[in-house]
Amino acid sequence: QGLAPKRFSDKVRSEVAAHFEYDKGVVIFSANTPQASLQPGAQDQLSIFMQLASLIAADPAKFGPGRAIEMQAVGPRESDQWRFVVDGPQTLDLPGGPQAALQLTRAARQPYELTVGLWLAPALGYLPVRIRLTQDNGDFVDMLWRSSAAP
């Protein structure tokens, strides 16, 4: 099953959260949103990136260009199926230097959904070296790898 989140929250004005209740098979939301069924392998909207990295690192040959990966993504107010498509390898020029990476994309299916770009570096155990979240109005957050160091 991989990672098993317990709680995911967001705070803009006030905090809202999703609680993963594995024994009941549901996600309960604090924002008076109806609960959602908890699917096997479900992730929150942050842990999903590490879960994808782990899946691909376990068997990279299974994830060639065009391959789709779907999993439940839980936000602080709702649950949805996120579908990532493997776009293929490319080399990125990042603040930490050039990095070969495998690009995955989650396209928005309807208004107000995020478009997600995810780049995983084989040389770093398929850890993310770039994550780009784009809103439908064009606003975006672009997180880029700067360096790696031993703990």
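Above this note sits the structure.
Predicted model only: the values in this text are computed from it and were never measured.

### A look at the overall build of the protein
Moving on, step 1. Looking only at helices and strands, the protein features one helix and 11 strands.
Moving on, step 2. Across the protein, helices and strands are ordered from the amino to the carboxyl terminus as β-β-β-β-β-α-β-β-β-β-β-β.
Moving on, step 3. The C-alpha atoms of the protein give a radius of gyration of 16 Å, which matches the 15 Å a tight globule of 151 residues would have.
Moving on, step 4. Summarising its shape, the C-alpha atoms of the protein cover approximately 45 × 35 × 35 Å along the three principal directions.
Moving on, step 5. Buried positions account for 37% of the 151 residues belonging to the protein.
Moving on, step 6. Sequence-distant contacts, at least 24 apart, represent 37% of the contacts inside the protein between residues at least 6 apart.
Moving on, step 7. By element, 52% of the accessible surface of the protein is carried by carbon and sulfur atoms, the whole surface being about 8800 Å².
Moving on, step 8. With 14 positive and 15 negative side-chain charges, the protein shows a spacing of 2 Å between the two charge centroids.

### A few points about a nonpolar patch on the surface
Moving on, step 1. On the surface, Leu-3, Met-50 and Leu-127 cluster together to form a nonpolar patch covering roughly 240 Å² of accessible area.
Moving on, step 2. By the secondary structure assignment, Leu-127 is in strand E10 (residues 127-134).
Moving on, step 3. Accessibility expressed as a relative area gives 39% for Leu-127, which makes it partly exposed.

### Describing the nonpolar core
Moving on, step 1. One finds Ile-48, Ile-56, Phe-84 and Leu-104 to be the most contacted residues of the largest nonpolar core, which totals 19 residues.
Moving on, step 2. Of all the elements in the fold, those that place two or more residues in this core are helix H1 (47-58), strand E6 (68-74), strand E7 (79-94), strand E8 (97-106) and strand E9 (115-121).
Moving on, step 3. No other element matches H1, which puts five residues into this core.
Moving on, step 4. In this structure, Phe-20, Phe-29, Leu-38 and Ala-42 belong to the second largest nonpolar core, which totals nine residues.

Rules and cut-offs
- Residues numbered from 1 in each chain as written.
- Predicted model: local features only at pLDDT ≥ 70, side-chain atom pairs only at ≥ 80, totals over all residues.
- Heavy atoms only, no water.
- Helix = DSSP H or I, 4+ residues; strand = E, 2+ residues; numbered from the N terminus.
- Rg over C-alpha atoms; globule rule 2.2 N^0.38 Å.
- Buried < 20%, exposed > 50% of the residue type's maximum accessible area, 1.4 Å probe, protein only.
- Contact = heavy atoms within 4.5 Å.
- Areas by Shrake-Rupley, 256 points an atom, 1.4 Å probe, with all protein chains shown as cover.
- Lys, Arg positive; Asp, Glu negative; His and termini not counted.
- Charge placed at Lys NZ, Arg CZ, Asp CG, Glu CD.
- Patch = residues over 30% accessible without salt bridge, like charges linked within 9 Å, V, L, I, M, F, W, Y side chains within 5 Å.
- Salt bridge = Lys/Arg side-chain N within 4 Å of Asp/Glu carboxyl O.
- Core = buried A, V, L, I, M, F, W, Y, C linked by side-chain atoms within 4.5 Å.

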